[in-house]
Amino acid sequence: MEEIFANVAVELPVEGIFSYSVPPALVGAAEVGKRALVSFGKRTVTAYIAGLTRTRPDVKEVKPIIDLLDSAPIFDEKRLKFYEWLSSYYFSTLGMALSLIQPAPASVKSQRTLSLTEPGERSIGSMTGLSKEVLEATGSGATVTALVRRFKGRPIYSTIERLKAEGLLDEKETIKGVAARLEKTAVVTGKVLEKPPGRSPAQERVLKFLSEKGETPVKDLKDALGDVSQPLKKLEEKGLVEIRTREAFRSPLEGITPREAPFEPNEEQKEAIREITASLRKNSFSPFLLYGVTGSGKTLVYLKVLEEALKTGKKAILLAPEIALTPWPAAYLMEKFPGRVAIAHSGLSDGERFDEWRRIARGEVDIVVGARSALFSPIKDLGLIIVDEEHETSYKQEEGVRYNARDAALMLGKYLGITVVLGSATPSVETFHNARTGKLTPLVLRQRVGKSVLPTVEVLDMRGGKYAVLSERLKGLISETLESGQQALLFLNRRGFSSTVICRDCGHSFPCLNCSVTLTMHKKSGVLKCHYCGLSVPLPDECPECKGVNLVQPGTGTERVEEEVKTLFPEARIRRMDRDTTAGKGSAKKIIDEVEEKKVDVLIGTQMVSKGHHFPGISLVGVISGDTSLNIPDFRSSERTFQLITQAAGRAGRGEIPGKVVIQTLNPEQYAFKNAVTHDYDGFYGEEIKMREEAFYPPFARVCNLRVEGIKEERVIEAALSLKKAAQRLLGTKDRGMDLLGPAPAPLSRLKGRHRWQMLVKGRELKPLHAFLKALKAEFEAKKFSAINLVIDMDPATMI
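Asker: What is the right way to look at the sheet that holds strand β24 (residues 536–538) in this model?
Answerer: Strand pairing in a sheet relies on backbone hydrogen bonds, with the paired strands running either antiparallel or parallel. Strand order across the open sheet formed by three strands is β22-β23-β24, with antiparallel pairing between neighbours. The sheet terminates laterally at β22 (520–522) and β24, the two strands that pair on one side only. Looking at each pair of strands side by side, their axes are set apart by 30° on average, direction ignored.

So this is what it looks like as structure tokens:
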């Protein structure tokens, strides 16, 4: 038989395609798009078949594929081209890009586990240094990965190899991955059920229950009737009941109640639906921007075009910027398409993610709703992608493959020749520019649905007088709102009780030991916490520097706002919604349900309360400190501020009562606030685009942030300066349409114990910029700086 070889990309950050032989038993089953289990070095990892050939690779030894993991391909040739683009554009590897198709629980990998041998146990007492620490840490068993993390920065690998060679450690390889969950069920066999002699009352109860309910999980049977183990066993022996084993599907939709969307589209919505529906029938790449004011009914447009897509036999993906926002579109879609909707995001349990992913891969799902990673779901016959709130920075992945799901959605749509809809009330400047220049088709919704109107917006100048969390004006409006039986929302883009704690006697603050930021006070839990690395320390009673006890909290966080509102309005029902209160599964949905059911009078929250929620009872929105995002060292800070203010303001006045918005700021003349008052996105865009063009920022330039990271600051600086020299040498003296800024310490110059320097590269044209970055990366890597990482972040969402 002629040999067949598979060219695969492995799920590791290694460049290149690797060749494996296909064993005779797998020849008929091996296909492009399937996952394979392969031996790679000392590990067993998941690989993706990118090609098959009969040409033997020019290497000494070709390892065989161990096994195939899929019965059908999870990507085709078109999608393979997309993943090749994704890996190239974002400077990743094809294997890492393809690994986005499957959630982590579906990945199959080997794990190296170490254990002490008998000589190893006897030798601990006589050992010293790292060898002793490794033996003690290994104990009855430890993975190599866990030891590497624990002894980071020390020669752990060589120590492990030496201890193995000396017979003190033993290593085993185990395969790790999530499996399907199985459950036992009971079902009557269909034999005559007249009561014969010897059948107990307990057996009768079981038979009666199963006769009425049909096949039932044994667990549910026990929940209903108590411990029926013995009666079940006897009935099985008599042949009256059969015990079966079946897969138990772990559904994340069980806690979501389907909802009707009892609205009819208005004329603006109908026009948008007509245009998108027409594009679905063209079977060609059709990108749209659905640009509508807050409350204009973009969700209804989504629901209608999803319905039209399914009528034409096409399937769809709907992306939301936050995990907490996925239950609401899912609820509407479940009502319309029961059993045909899946949820995909990292907030699910491993089992739920694994089961939902397999439903999608098996073709049992028509619509996938999820956060950014849902874009890579292996859904077949895809015809429509919707990216809701496309302007949100949460669509940008900040580690691994640093993709932007919005931009990736457009490229996937282009490769597949399908319709892509980007939706927002405050589009990103780049997206709006693309709509203005004809790259996207704009669809505009200028009016709110029904009788509701846009809220009035008032800017309060907080300069001068004594600092207060709530101005007198805002206090009065909250009081009026509560007296009228309406709800209020207070928005602050910072969680915690205050920004930090400072000693008033000596000025000492409390910095994170790992990051270049101060710790945030969380009064309820009694800790100072870093919001970047998670370091947590108890609230101090005295200053560690001067031993003084005059510790003050100068800033404002959501906890402090909550405490102030409770003091002012003790009878009010108050809820806080931020990362701390929504950490538990389903906690965000519970809070939002309570607001919708009017069980909450005042909702206090960070930016997650401003995104896409429909709260008809909220008539007042107070923005506590409009300057928070304005003071961030980022060229998008004005854009972020306008978007946050406008989105938060958009929660007000969605019912019959007109809405009121109050923005407290120290910078009332800034154009982001001026345009927010009049709900004038076009006016804001006009001012912002001029600044971008003058400063040579997107959309007039493509930007890449090159960040050098390492534990030792002097080595990081040395590497960053070397990177700049190499860049200058590659550019030469000619004007290549590129600018270099830096290197300089990143605004967050130390994160999780690693120092960070960065250099910004701006280029007028993408191809020359990409070629330059590729050459610069190769030159930097050739210098082999030890313990230094170069992070290449194309189109960074933040400069922090």
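Now, onward.
Asker: Teacher, can you tell me more about the packing of aromatic side chains here?
Answerer: Here the distance between the centres and the angle between the planes together describe a pair of aromatic rings. According to the stated counting rule, one finds 21 aromatic pairs in the structure shown. Judged by centre distance (6.0 Å) and plane angle (25°), the ring pair of F82 and W85 falls under stacked. With F82 and W85 both in helix α1 (residues 77–89) and three residues apart, the pair spans about one turn of that helix. Just as F82 is buried, W85 falls in that class too. Geometrically, the ring pair formed by Y83 and F376 is tilted, given 6.1 Å between the ring centres and 45° between the ring planes. Note that Y83 is positioned in helix α1 and F376 in the loop between β15 (367–370) and β16 (382–388), a separation of 293 residues in sequence. On the accessibility criterion, F376 (1% relative accessible area) is buried. When the ring centre of Y697 is taken as reference, the NZ or CZ atom of K762 above it lies at 4.0 Å.

Asker: Explain empty space enclosed by the protein to me, please; I cannot follow it from the model alone.
Answerer: Vacant regions in the atomic arrangement are exposed by a probe of water-molecule size rolled over the atoms. As enumerated under the stated definition, the model contains one cavity of 30 Å³ or more in all. The space that makes up the largest cavity amounts to roughly 60 Å³. If you trace the largest cavity, you find it lined by F491, L492, N493, V623, S625, G626, D627, T628, S629, T641, L644 and I645. When residues in the lining of the largest cavity are grouped by element, the largest group, three residues, is from helix α19 (residues 637–649). Each residue belonging to the lining of the largest cavity can be placed in one class, and the counts come to five nonpolar, six polar and one charged.

Asker: For this particular structure, what's the right way to read the environment of A727?
Answerer: When you line up the elements, A727 lands in helix α22 (residues 713–731). Here the alpha-carbon distance between A727 and S99, two residues 628 residues apart in the chain, equals 32 Å.

Asker: Please explain the environment of A36 as it appears in this structure.
Answerer: By secondary structure assignment, the location of A36 is in strand β3 (residues 35–40). With 34 residues separating them in the primary sequence, A36 and D70 have C-alpha atoms 7.8 Å apart. A36 has contacts with V45, T46, A47, I49, I65, D67, L68 and L69, leaving out every residue within four places of it along the chain.

Asker: So what exactly am I meant to see when it comes to the pairing of strand β4 (residues 43–53) here?
Answerer: Both faces of the sheet carry side chains from a regular strand, because those side chains alternate between them. Here β4 lies mainly inside the structure; eight of its eleven residues are buried. In this structure, β3 lies alongside β4, joined through six bridges in antiparallel fashion. Paired with L37 across the strands is T46, a residue of β4. Counting the residues between successive antiparallel strands, the hairpin from β3 to β4 contains two residues, one of them, G41, with a positive phi of roughly 65°.

Asker: What is the right way to look at the packing of helix α7 (residues 201–213) against helix α9 (residues 229–237) in this model?
Answerer: Between two packed helices, what matters for the description is the angle formed by their axes and the separation of those axes. Viewed as axis vectors pointing N to C, α7 and α9 meet at an angle of 75°, and their least axial separation amounts to 9 Å. In terms of orientation, α7 lies roughly perpendicular with respect to α9. Within the contact between the two elements, α7 uses A202, Q203, V206 and L207 and α9 uses P231, L232, K234 and L235. Taken together, the residues that form the contact of α7 with α9 break down as six nonpolar, one polar and one charged.

Definitions and limits used
- Residues numbered from 1 in each chain as written.
- Predicted model: local features only at pLDDT ≥ 70, side-chain atom pairs only at ≥ 80, totals over all residues.
- Heavy atoms only, no water.
- Pairing = 2+ DSSP bridges.
- Helix = DSSP H or I, 4+ residues; strand = E, 2+ residues; numbered from the N terminus.
- Axes fitted to C-alpha atoms, helices over the stretch in contact; angles between N-to-C directions.
- Phe/Tyr/Trp six-rings, centres within 6.5 Å; stacked < 30°, edge-to-face > 60°.
- Buried < 20%, exposed > 50% of the residue type's maximum accessible area, 1.4 Å probe, protein only.
- Lys NZ or Arg CZ within 6 Å of the ring centre and 35° of its normal.
- 1 Å grid on protein atoms, 1.4 Å probe; cavity = no way out; pocket = protein on both sides within 12 Å on 5 of 7 lines; lining within 4 Å.
- Points joined across faces, edges and corners; volume = space filled by probe spheres on them.
- Nonpolar A, V, L, I, M, F, W, Y, C, P; charged D, E, K, R; others polar.
- Contact = heavy atoms within 4.5 Å.
- Parallel < 35°, antiparallel > 145°, perpendicular 65-115°, else oblique.

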